[in-house]
Amino acid sequence: MVLALGVACWVVLSVGCVTTKDAVGGGDARLDEAGRPDAPEMKKGVSSCGAEGKGDLSVLDGRTGGPLTCLAITITAEPTACPATSECPSTTLFRGLTNRDGRALSTSTFSSARVIAVADGFATATVNNASSKPDGVIELELMPPDGFWLKVLDGEGNYLQDVSLSFKQGDTVLAQLRTNVLANVFFSQRQPFSGQPVTVEAQGFQSVVVNDVKELGEDGHTLVLRR
């Protein structure tokens, strides 16, 4: 599924993406490996994590691919038809702490909704056209509030995991990054797609010239590579 939360073809999604893939860490030595804020401390022997159980909302760290455990988060749903720039009626799906698996259980069913996740220390993550389904899981990928990220897909919308990418302006190499298991790469210090065009190269794929983030899908965070 190509996201719009987090997550996706030249996305984000704001900001974040929701996907339907399993998550594990990944990245490149040049990436800033700063992790998420520490989970709330345990107090008086009472768990500071959410209730254990499967949960139909899975909250992932878009940089590492791992679950965001014991994280205070608010997740709401609003009609996709309502413009994102407007004040839309919303339903709270979850407010509290994720469990040790990064899961949360929604309190309402929803269909073709824009699902929005808000948590301190992360940018707001959005998934468009999400629907609750029996035994289904909606994945929300949260990203840091600063920096810039990309989700890298092939021409059929599949995740391109563990792929090394070079970003160049002319003969100057701006960055060399490797996608993680969520097919994401993260630029911690800069937004590379401003100013001069950037050429993206990956072995086995055609090079892509990006002139502006507007060419990175509806969410401005999706990069599509073709063989």
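See above for the structure.
The model shown is predicted, which means the values in this text are computed figures rather than measured ones.

Undergrad: Looking at this structure, how should I read the sheet that holds strand E2 (residues 72–79)?
TA: Note: strands within a sheet are paired through backbone hydrogen bonds, in either parallel or antiparallel orientation. The four strands are arranged E3-E2-E5-E6 in an open sheet whose pairing can be described as antiparallel. Each edge of the open sheet is held by one strand with a lone partner, namely strand E3 (91–97) and strand E6 (125–130). Each neighbouring strand pair of the sheet contributes to a mean axis angle of 15°, computed without reference to strand direction.

Undergrad: In this structure, what is going on with the state of the cysteines? I would like to understand it.
TA: The term disulfide refers to a covalent linkage connecting the sulfur atoms of a pair of cysteines. Overall, the coordinates contain two disulfides when judged by the stated rule. What pairs with cysteine 49 in a disulfide is cysteine 70, and their sulfur atoms sit 1.7 Å apart. Looking along the S-S bond of the cysteine 49-cysteine 70 disulfide, the torsion reads about 50°, which is the right-handed sense. Of this pair, cysteine 49 sits in the segment before strand E1 (57–61) while cysteine 70 sits in the loop between E1 and E2; the two residues are 21 residues apart in sequence, bridging distant segments of the chain. Exposure remark for cysteine 49: the relative accessible area of 11% places this residue in the buried category. Note on cysteine connectivity: cysteine 82 is disulfide-linked to cysteine 88, with sulfurs 2.0 Å apart. Disulfide cysteine 82 to cysteine 88: torsion about the S-S bond roughly -90°, handedness left-handed.

Undergrad: I tried to follow the pattern of salt bridges on my own but got confused; where do I start?
TA: Where charged atoms of side chains with opposite charge meet at close range, the side chains can pair. The final tally for this structure, using the stated rule, is five salt bridges. Its salt-bridge partner being aspartate 162, residue arginine 178 comes within 3.2 Å of it at the nearest N-O pair. Of the two residues, arginine 178 is situated in strand E10 (residues 172–178) and aspartate 162 in the loop between strand E8 (148–153) and strand E9 (164–169); the sequence distance between them amounts to 16 residues. The class of arginine 178 is partly exposed, set by a relative accessible area of 31%.

Undergrad: In this structure, what is going on with the packing of aromatic side chains? I would like to understand it.
TA: The way to describe two aromatic rings as a pair is by their centre distance and the angle between their planes. Summed over the entire model, instances satisfying the criterion amount to four aromatic pairs. Taken together, a centroid distance of 6.5 Å and an interplanar angle of 45° make the contact between phenylalanine 148 and phenylalanine 187 tilted. One end of the pair, phenylalanine 148, is in strand E8; the other, phenylalanine 187, is in strand E11 (residues 184–187), and 39 residues separate them in sequence. You'll find phenylalanine 148 and phenylalanine 187 in the same group, each marked buried. Taken together, the ring pairs in this structure connect Phe148, Phe167, Phe187 and Phe193 into an aromatic cluster. Above the face of the tyrosine 159 ring, lysine 151 is positioned so that its terminal group lies 4.6 Å from the ring centre.

Undergrad: Sorry if this is basic, but what is going on with the environment of glycine 220 here?
TA: Looking at the element boundaries, glycine 220 is found in the loop between strand E13 (208–210) and strand E14 (222–224). Considered as a pair, glycine 220 and tryptophan 149 are 71 residues apart in the sequence and their alpha carbons are 9.4 Å apart.

Undergrad: How should the pairing of strand E5 (residues 113–118) be read in this particular structure?
TA: On a regular strand, each side chain points to the face opposite its neighbour's, so the side chains alternate between the two faces of the sheet. Counting buried positions along E5 yields five of six residues, so the element is predominantly enclosed. The pairing of E5 with E6 spans four bridges and is antiparallel. Bridge pairing in E6 places alanine 117 opposite alanine 125.

Undergrad: What is the right way to read the side chain of serine 106 from this model?
TA: You can see serine 106 is positioned in the loop between strand E4 (103–104) and E5. A polar atom in the side chain of serine 106 sits 3.5 Å from the backbone oxygen of serine 108. Every residue in contact with serine 106, bar those within four places of it in the chain, is listed here: Asp56, Leu57 and Leu93.

About the cut-offs
Residues take numbers from 1 onward in each chain, read along the sequence in its written order. In keeping with the predicted nature of the model, local features appear solely for residues at pLDDT of at least 70, side-chain atom pairs appear and are counted solely at 80 or more, and the whole-chain, interface and lining totals rest on all residues. Excluded from the side-chain calculation are hydrogens and water; included are all heavy atoms of the structure. Paired strands are those between which DSSP finds at least two bridges. Strands here mean DSSP runs of E at least two residues long; helices mean DSSP runs of H or I at least four residues long; both are numbered from the N terminus. The axes used here are C-alpha line fits, helices contributing only the stretch in contact, and every angle between their N-to-C directions lies in the interval 0 to 180 degrees. Note on terminology: disulfide denotes any pair of cysteine sulfur atoms within 2.5 Å. Using a 1.4 Å probe on the protein chains alone, a residue whose accessible area is under 20% of its type maximum counts as buried, one over 50% counts as exposed, and one in between counts as partly exposed. Put simply, a salt bridge is a Lys or Arg side-chain nitrogen that is within 4 Å of an Asp or Glu carboxyl oxygen. We call Phe, Tyr and Trp rings a pair once their centres come within 6.5 Å, taking the six-membered ring for Trp, and we label the pair stacked below 30 degrees between planes, edge-to-face above 60, and tilted otherwise. Whether a charge sits over a ring depends on NZ of Lys or CZ of Arg being within 6 Å of the ring centre and within 35 degrees of the ring normal. A 3.5 Å cut-off defines polar contacts: any pair of N or O atoms within that distance qualifies, except that in protein one atom must be a possible hydrogen donor and the other a possible acceptor, and neighbouring residues in sequence count only when both atoms are side-chain atoms. Residue contacts are counted whenever heavy atoms from the two residues lie within 4.5 Å of one another.

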